[in-house]
Amino acid sequence: MQIIVNPEKREWAALTARPQMKRSTIGPRVAAILDAVRAEGDDALLRLTREIDGVKLPSPAVTADEIEEASRLVPQELKTAIATAKNNIERFHAAQQGEGVDLETMPGVRCVQKAVPIRSVGLYIPGGSAPLFSTVLMLAIPARIAGCPQITLCSPPDKQGKLSPAILYTAQLCGVTHIFKAGGAQAVAAMAYGTQSIPKADKIFGPGNQYVTEAKQQVSQFTAIDMPAGPSEVLVMADSGAVPAFVASDLLSQAEHGSDSQAILLTPSRGFAEQVVREVERQLAELPRRDIATRALDNSRIVVMDSEDDLIAFSNAYGPEHLIISMENPWEIAERITAAGSVFIGNYTPESAGDYASGTNHTLPTYGWAHAYSGVNLDSFLRKITYQEITTDGLRGIGNVIETMAGAEGLDAHKNAVTIRLKSLG
């Protein structure tokens with residue numbers, strides 16, 4: 001990994017840049033896939049699954065027998081681990097439930113806010129070389145706690161036309177009953193527009209590769225999505241009190257996600273940076289996914305800054321998906337963080353804890369979107385509806401205010417809607 005020492009602020013823009021997504025080449029291909037699924041439904045979905053995934057399916061739907069078989073194939077140790085993670089995620093997301101708002105803003109004027117679940121949600125779960133059954137927990141659990149009536153899950157099949165047993169087991173454990181074998185942009189299209197088999201979703205959730213990301217962006221004018229996204233990333237802030245081996249493992253845990261992932265280390269110590277580089281090289285040699293991680297490290301860097309203020313400012317400028325703070329007084333630094341998807345405090349809080357089992361959600365804004373978006377949480381699956389009721393006394397009290405404001409904007413019908421009522425009251 002390249003080490004940059006005390007860069008000038010004019011260099012920060014380049015140092016906080018992400019790997020470029022190939023939208024110019026991917027965009028037209030994704031658009032064609034979306035159009036095909038929108039026009040032909042299941043026929044296009046099955047054809048694209050055959051062409052892209054290399055598997056011929058009679059139907060995209062997962063059967064009850066497949067779910068039962070998957071449950072038998074998942075080892076008991078993994079089932080126990082999933083159950084523990086499920087409990088923690090449920091507890092954290094259930095605690096986010098609010099009581100709503102019901103108050104009089106002035107005598108006789110009652111305003112209410114109530115949360116209602118999104119009617120139909122679609123969950124995209126990546127498959128391939130790393131089927132993310134953990135993402136099922138992160139999306140299905142808050143959807144169920146929110147009370148979403150219809151939860152649909154899509155995930156790409158393997159060459160045998162099957163989904164990962166762990167994905168199927170976790171889905172049924174979380175109460176997901178609409179499960180389909182569909183991946184990539186075609187799965188996003190199916191959930192966005194609906195097909196003969198797959199119901200239309202009002203909002204689509206879940207991470208994916210560049211095709212999935214581009215598809216979500218393109219369908220967002222028809223269907224809501226959780227957030228814009230790009231490749232996964234981590235930024236670690238660490239001083240000489242941190243453990244080089246720990247820091248290296250955190251950088252590599254992100255790098256193995258994909259060749260377009262990014263890992264950044266911020267540190268006040270050049271010597272510590274060099275220790276981390278040696279640890280990265282040692283641990284990388286032992287990783288099964290070292291080829292992927294090696295390519296990701298080409299997009300990664302170590303930045304040495306003497307000033308703690310500069311370290312914090314650089315992190316905020318980057319706005320990482322995951323931020324690990326292994327510094328002296330980490331909570332004091334965390335209080336000054338203004339842009340991050342999820343923050344991990346201290347030497348013994350690896351980012352992988354949030355990915356799997358601590359309870360927080362791992363579906364987070366990437367590519368700098370942490371400056372504007374939150375990660376997935378219970379509110380992501382809810383809509384807030386406001387209600388109001390005005391009594392006759394309340395209208396007498398607020399009516400002149402409304403008339404004056406409507407008149408100032410030149411909207412006489414708005415003004416008259418109040419005036420006519422006040423006249424009726426005498």
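Residue positions are given per chain, counting from 1 as you read along its sequence in written order. Whole-chain, interface and lining totals are the exception, using all residues; otherwise, since this is a predicted model, local features are given only for residues with pLDDT of at least 70 and side-chain atom pairs are given and counted only at 80 or more. Computation of side-chain values covers all heavy atoms of the structure but excludes hydrogens and water.

Colleague: Would you mind showing me how to read the side chain of Glu 214 here?
Modeller: Helix numbering and strand numbering both begin at the N terminus, where a helix is a DSSP run of H or I of at least 4 residues and a strand a DSSP run of E of at least 2. Within the secondary structure, Glu 214 is located in helix H9 (residues 210-219). Residue class for Glu 214 comes out buried when judged on its relative accessible area of 7%. Any two residues whose heavy atoms approach within 4.5 Å at even a single point are treated as in contact. When near neighbours in sequence (up to four residues on either side) are disregarded, Glu 214 contacts Arg 23, Ile 26, Gly 27 and Val 30. Only protein chains enter the accessibility calculation, which uses a 1.4 Å probe; a residue whose area is less than 20% of its type maximum is buried, one above 50% is exposed, and one in between is partly exposed.

Colleague: Can you help me understand the packing of helix H4 (residues 64-73) against helix H7 (residues 165-173) in this one?
Modeller: Relative orientation and spacing of two packed helices are given, respectively, by the angle between their axes and the distance between those axes. Angles run from 0 to 180 degrees between N-to-C directions of axes, and those axes are lines fitted to C-alpha atoms, restricted for helices to the stretch in contact. At a minimum axis distance of 8 Å, the contact between H4 and H7 shows a crossing angle of 110°. When the axes of H4 and H7 are compared, the pair comes out roughly perpendicular. Of H7, the residues touching H4 (which contributes Glu 66, Ile 67, Ala 70, Ser 71 and Leu 73) are Pro 165, Leu 168, Tyr 169 and Gln 172. The classification used treats Ala, Val, Leu, Ile, Met, Phe, Trp, Tyr, Cys and Pro as nonpolar, Asp, Glu, Lys and Arg as charged, and all other residues, Gly among them, as polar. Here the contact of H4 with H7 is composed, by residue class, of 6 nonpolar, 2 polar and 1 charged. By the definition adopted for this analysis, an angle is roughly parallel if under 35 degrees, roughly antiparallel if over 145, roughly perpendicular if from 65 to 115, and oblique otherwise.

Colleague: Help me out: how do you make sense of a nonpolar patch on the surface in this one?
Modeller: A contiguous nonpolar surface patch, about 260 Å² in accessible area, is contributed by Val 401, Ile 402 and Met 405. One can find Ile 402 in helix H16 (residues 392-408). Every patch collects residues that have over 30% relative accessible area and no salt bridge, joining them within 9 Å if they carry like charges and within 5 Å if they are nonpolar side chains (Val, Leu, Ile, Met, Phe, Trp, Tyr). The method behind every accessible area is Shrake-Rupley, applied with a 1.4 Å probe, and residues are considered shielded solely by the protein chains displayed. Put simply, a salt bridge is a Lys or Arg side-chain nitrogen that is within 4 Å of an Asp or Glu carboxyl oxygen.

Colleague: I would appreciate a short explanation of the sheet that holds strand S12 (residues 322-326) in the present structure.
Modeller: Through backbone hydrogen bonds, the strands of a sheet pair up, either in parallel or in antiparallel fashion. When DSSP locates at least two bridges between a pair of strands, those strands are taken to pair. Pairing within the open sheet is parallel, and its 6 strands lie in the order S1-S11-S10-S9-S12-S13. Strands with a single pairing partner mark the edges of an open sheet, and in this sheet they are strand S1 (2-5) and strand S13 (342-345). Here the average twist between neighbouring strands, direction ignored, is 15°. Direction of pairing for S1 relative to strand S11 (residues 301-304): parallel, over a ladder of 4 bridges. Paired with Gln 2 across the two strands is Arg 301, which belongs to S11. Taken strand by strand, helix H10 (residues 244-255) contacts strand S9 (233-238), strand S10 (262-267) and S12, and its axis lies near 170° from that of S9. Here helix H11 (residues 270-284) sits on the sheet in contact with S1, S9, S10 and S11, set at roughly 170° to S1.

None of this, on its own, says anything about what the molecule does.
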